[in-house]
Amino acid sequence: RAIIGDPKTDKARLERVSPISYAADYKPPVMLLHGSHDESVPVEQSERMAAALKAAGRQVSLTVVPEGHVEWSQAHESAALAEIAAFLERNIGKPS
């Protein structure tokens, strides 16, 4: 609350600066990758963002990994990196 603001007293400002408020304005495809056990950022935030992007007709993919916010297992990290590479290749192209 000290850093971000109080959800009650700063609600209008927080909604104004929230990425979900701009979901309809996003042009490029969006990839969301989230740990289901994330204690810093609830996975529901990514789920809500994915739903808002889909509702706006935007291309979005959401992958939820059974990990926390940081220090993922090597297997999950490797799988996530492979997914990121595939996403970039699909949407930008193969590296030359």
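Since the structure is predicted, the reported quantities are computational estimates derived from the model, not experimental observations.

Rules used throughout
Residues numbered from 1 in each chain as written. Predicted model: local features only at pLDDT ≥ 70, side-chain atom pairs only at ≥ 80, totals over all residues. Heavy atoms only, no water. Helix = DSSP H or I, 4+ residues; strand = E, 2+ residues; numbered from the N terminus. Buried < 20%, exposed > 50% of the residue type's maximum accessible area, 1.4 Å probe, protein only. Contact = heavy atoms within 4.5 Å. Polar contact = N/O pair within 3.5 Å; in protein donor to acceptor, adjacent residues only side chain to side chain.

**Here's the deal with the side chain of serine 46**
As for its placement among the helices and strands, serine 46 is situated in helix H2 (residues 43-55). Taking relative accessible area as the criterion, serine 46 reaches 11% and is therefore assigned buried.

**A few points about the environment of arginine 1**
The residue arginine 1 is located in the segment before helix H1 (11-17) in this model. Residue contacts for arginine 1: discarding those within four places in its chain leaves Asp6 and Pro7. Here aspartate 6 takes part through its side chain, which lies 3.1 Å from a polar atom of the side chain of arginine 1.

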